[in-house]
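So the chains spell out like this:
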Amino acid sequence: EQGAGSEAFPSWPWADAPLASPCPGSGLLQKKTLVPGQGVDTRPRRGQDVTIRLKATLEDGSVVEENPALTFTLGDCDVLQALDLCVQLLEMGETALIVSDAKYCYGAQGRSPDVPPNAALTLEVELLAARDAPDLELLSGKEKIELANRKRERGNFFYQQADYVLAINSYDIALKVIGSSSKVDFSPDEEAELLDVKVKCLNNLAASQLKLDHYEAALKSCNLVLEHQPGNIKALFRKGKVLAQQGEYREAIPILKAALKLEPSNKTIHAELSKLVKKHADQKNVETEMYRKMLGNPSAAGAPGKCKDKLPW
């Protein structure tokens, strides 16, 4: 076989990867086979753990990542979307070039310090192995904690990229790992650590849902945290924010006061509480004016006369 440079393979066609959005033919994500694989029936399936050799370069040829054996769960968004979408099209042993728009890599923010904002990447990928993911019921406590944390950290990455839909997906997967039944006994320390990871995931899930204005879902996530940790400041703060967004100032204010009592020096909570108190006061003034208009202005008819029948209201 010839070398791996795309110019050395003029006869191999470029093919658009079949994306749900945008449609095939957009040119935002293209795959070109360099070394053929072992047949279509050897392609990996979503949910399997795959291992690839990866080399990622910028348009100027700068190498920004090299990994001789990168392993991830296909379809879980553990890696760049370009890889998640295209590796499932590779045959075992196949080497391919994937040219991807920034949309499916590091997006508008890039990756400091080596990937600029809105940078397209060329990914040279070889599919080395694919195997079924481990049975969650058979994972040890340590393995389950490590797996859940990897998914949670991926959610944090997407949150920082302002991709809240994918962040929610990663947090949901982490929670699924934590909540899976087990045939293995865990130590008290492992149980406590799993609960800690669960609370972090739920808190981050609520933050992502709040960004997308999914208020009922965010409220549910906050309440699940507070079931485990009634004094969790982040959950109290976000629950207060959700209720405030729904206009429930009367319920939101005591919750934020409880959070501020737990952390009196927190300026963010103090600012949010001050804002809500003012909004609540304005809301009450509007309601008072509305009732006054509904009932009429008694002063316009002069002072009311004394009640003659002495009956109590």
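Per-chain numbering applies: the sequence of each chain, read as written, is numbered from 1 onward. Restriction of local features to residues with pLDDT of at least 70 applies here, the model being predicted, together with a cutoff of 80 or more for giving and counting side-chain atom pairs; totals for whole chains, interfaces and linings are based on all residues. Computation of side-chain values covers all heavy atoms of the structure but excludes hydrogens and water.

A. Expanded view of the nonpolar core. Ranked by internal contacts, the top residues of the largest apolar core, which has 73 residues, are Ile52, Phe72, Leu83, Val87, Leu121, Leu123 and Val125. Residues within four places of valine 87 in sequence aside, it is in contact with Pro44, Val50, Ile52, Phe72, Leu74, Val125 and Leu127. To qualify as a nonpolar core, a set must consist of buried Ala, Val, Leu, Ile, Met, Phe, Trp, Tyr and Cys residues joined through side-chain atoms within 4.5 Å. Each residue is placed in one exposure class: buried if its accessible area under a 1.4 Å probe, protein chains only, is under 20% of its type's maximum, exposed if it is over 50%, and partly exposed if it falls in between. We call two residues in contact whenever any of their non-hydrogen atoms come within 4.5 Å of each other.

B. Main features of the packing of helix H4 (residues 188–211) against helix H5 (residues 215–228). Running from amino to carboxyl end, H4 crosses H5 at an angle of 155 degrees, the nearest separation of the two axes being 8 Å. When the interaxial angle is binned, H4 and H5 end up roughly antiparallel. Note that H4 runs across H5; the crossing there is left-handed. Each of Leu195, Lys198, Val199, Leu202, Asn203, Leu205, Ala206, Gln209 and Leu210 in H4 lies in contact with H5, whose residues at this interface are Tyr215, Ala217, Ala218, Ser221, Cys222, Leu224, Val225 and His228. Looking at the contact of H4 with H5, its residues break down into twelve nonpolar, four polar and one charged. Lines fitted to C-alpha atoms define the axes here, with helix axes fitted over just the stretch in contact, and angles between the N-to-C directions of these axes take values from 0 to 180 degrees. Labels follow the DSSP assignment, with helices taken as runs of H or I lasting at least four residues and strands as runs of E lasting at least two, numbered in each case from the N terminus. Note that the term roughly parallel is reserved for angles under 35 degrees, roughly antiparallel for angles over 145, roughly perpendicular for angles of 65 to 115, and oblique for everything else. Note: crossing handedness is left-handed where the near helix turns anticlockwise from the far helix by less than a right angle, and right-handed where it turns clockwise. The classification used treats Ala, Val, Leu, Ile, Met, Phe, Trp, Tyr, Cys and Pro as nonpolar, Asp, Glu, Lys and Arg as charged, and all other residues, Gly among them, as polar.

C. Examining the layout of surface pockets more closely. In this analysis a 1.4 Å probe is tested at points of a 1 Å grid over the protein atoms alone, and where it fits but cannot get out there is a cavity; an open set with protein on both sides within 12 Å along at least five of seven lines is a pocket; lining residues have an atom within 4 Å of a point. Grid points are joined across faces, edges and corners, and a volume is the space filled by probe spheres set on the points. In this structure, the largest pocket spans a volume of roughly 710 Å³. Looking at the largest pocket, it is lined by 31 residues, and the ones nearest its centre are Thr73, Asp78, Leu147, Arg150 and Lys151. The greatest single-element share of the lining of the largest pocket, amounting to eight residues, is contributed by helix H2 (residues 141–160). A breakdown of the residues in the lining of the largest pocket according to their chemical character gives 15 nonpolar, three polar and 13 charged. Counting the residues that make up the lining of the largest pocket, at least three belong to each of domain 1 (29–132) and domain 2 (141–294). The split into domains, and so the bounds of each, comes from an automatic or database assignment of domains.

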